[in-house]
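# Per-entry structural report
This is what each chain is made of:
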Amino acid sequence: MDKIKVQDFSLKHTIECGQFFYYIYDDKTNFYYIVNKNIVFKVKQEADYLHYYGIKKEELIYFFSLDIDIKTMTKDFSEDKYLILSLEKYFGMRLIRQDFEQCLISFVCSSASNIPKIQKNIFQLSKYFGKETGFDSKLFFTFPKIEQLDDITKIKNAKTGFRAKYILEINNIIKENPKLLEEIKIMNYKDAKESLMTLPGIGSKVADCICLFSLNHTEAFPIDTWVKQVIENLYLKREAKNLKEIEEYIEKNFKINKGLKQQYLFHYARNHLKE
DNA sequence: CACCAGGACCTAG
DNA sequence: CTAGGTCCTGGT
């Protein structure tokens, strides 16, 4: 077991804010067991320390964006009433840098769904297609490569529903063009988003999630129904004419660190706009 | 039982 | 180019 001192970090908010799905929380020990690609590790927070096992220090820092100076990044939050409120409530929430392929499949599963269901999909897909791995006397399955997700029956058995055919089609596309994913990884934001959107089951919102949570494109700003509500109800104070108007508002008013602002606004929305 | 939900896609107008 | 139906599943 190793430990590391952290600043301005909330493990709970970071893991549970809906950007990452493949984890189990053990309420007896307070450890989060996390599976990212083929790595299983556990981590818990006690005050300003993270206790961790199963992952290298550098990888842990990268995964949780602990190399980022959040105080600097959130400086201009003070210009926005709702960002201030959200920052108080969710202080320490950071963007996770997760495995690209795991993120891609997770967010294909996310459409018209919810967190528990997405988690179920990911756990099941891993069970069917991943590799069994013992850790801490528990049983885990690594998250498979997209290339391996080639059995429609198993994909459906993972309760992915109408998204199953998307996953299989993406599998086919990747097999025919094995370099595509690596190419997307090194593209700029605009090109990466565009390329992702050529894949079935990936529209604008899902592509932005993948860009933000796994490709380090911190300017991505996923617009889901909650964020749409925030912009309409709190900022515009009326319904938007269309999605374009929302995008333009965001472009104008959240110039820098857009992705992080999106996360905080999203959470503000979920708690304050329930009706 | 009917309805709906953190989205994408398809089709008609 | 856009509104509205449809797609599985699981919860209400």
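Residues numbered from 1 in each chain as written. Chains lettered and ligands numbered in written order. Predicted model: local features only at pLDDT ≥ 70, side-chain atom pairs only at ≥ 80, totals over all residues. Heavy atoms only, no water.

### Here's the deal with the protein's contact with DNA strand C
Stated formally: What makes a residue near a molecule or strand is one non-hydrogen atom of that residue sitting within 4 Å of it. The definition of a polar contact used here is a pair of N or O atoms within 3.5 Å, where within protein one atom must be able to donate a hydrogen and the other to accept one, and adjacent residues in sequence count solely through side-chain atom pairs. When residue character is reported, Ala, Val, Leu, Ile, Met, Phe, Trp, Tyr, Cys and Pro are called nonpolar, Asp, Glu, Lys and Arg charged, and the others, Gly included, polar.
In the neighbourhood of DNA strand C, the contacting residues comprise Lys 117, Lys 120, Lys 159, Gly 161, Phe 162, Arg 163 and Asn 242. Among the atoms of DNA strand C close to the protein, meaning within 4 Å, 60% are from sugar or phosphate groups. Note that a phosphate oxygen of DNA strand C is positioned 2.8 Å from one of the side-chain N or O atoms of Lys 120. With respect to DNA strand C, the backbone of Phe 162 contributes an N or O atom lying 3.1 Å from a sugar or linking oxygen. Of the residues in the surface near DNA strand C, the class split is one nonpolar, two polar and four charged.

### Quick word on the packing of aromatic side chains
Selection criterion: A pair of aromatic rings is counted whenever rings of Phe, Tyr or Trp (Trp by its six-membered ring) have centres within 6.5 Å, and the orientation is called stacked for planes under 30 degrees apart, edge-to-face for over 60 and tilted otherwise. Segments assigned H or I by DSSP are reported as helices when at least four residues long, segments assigned E as strands when at least two residues long, and all are numbered from the N terminus. Accessibility here uses a 1.4 Å probe with only protein chains present; expressed as a share of the type maximum, an area under 20% marks a residue as buried, one over 50% as exposed, and anything in between as partly exposed.
In this structure the tally under the stated criterion is 20 aromatic pairs. Aromatic pair Phe 41 and Phe 63: ring centres 5.7 Å apart, planes at 85°, arrangement edge-to-face. Of the two residues, Phe 41 sits in strand E4 (residues 39–46) while Phe 63 sits in helix H2 (residues 57–63), which places them 22 residues apart along the sequence. Grouping residues by exposure puts Phe 41 and Phe 63 together as buried. Consider the rings of Tyr 53 and Phe 135, whose centres lie 5.8 Å apart with planes at 40°: the pair is tilted. Taken together, the residues Tyr 53 in strand E5 (residues 49–53) and Phe 135 in strand E6 (residues 132–135) connect sequence positions 82 residues apart. The class for Tyr 53 is partly exposed, based on a relative accessible area of 42%.

### Some thoughts on the protein's contact with DNA strand B
Neighbouring DNA strand B are 20 residues; Ile 115, Phe 162, Gly 201, Thr 225 and Arg 270 lie closest to it. Here the atoms of DNA strand B within 4 Å of the protein split so that 64% fall in sugar or phosphate, with bases taking the remainder. Between DNA strand B and Gly 201 there is a distance of 2.8 Å, counted from a phosphate oxygen to a backbone nitrogen or oxygen. Gly 203 places a polar main-chain atom, nitrogen or oxygen, 3.2 Å from a phosphate oxygen of DNA strand B.

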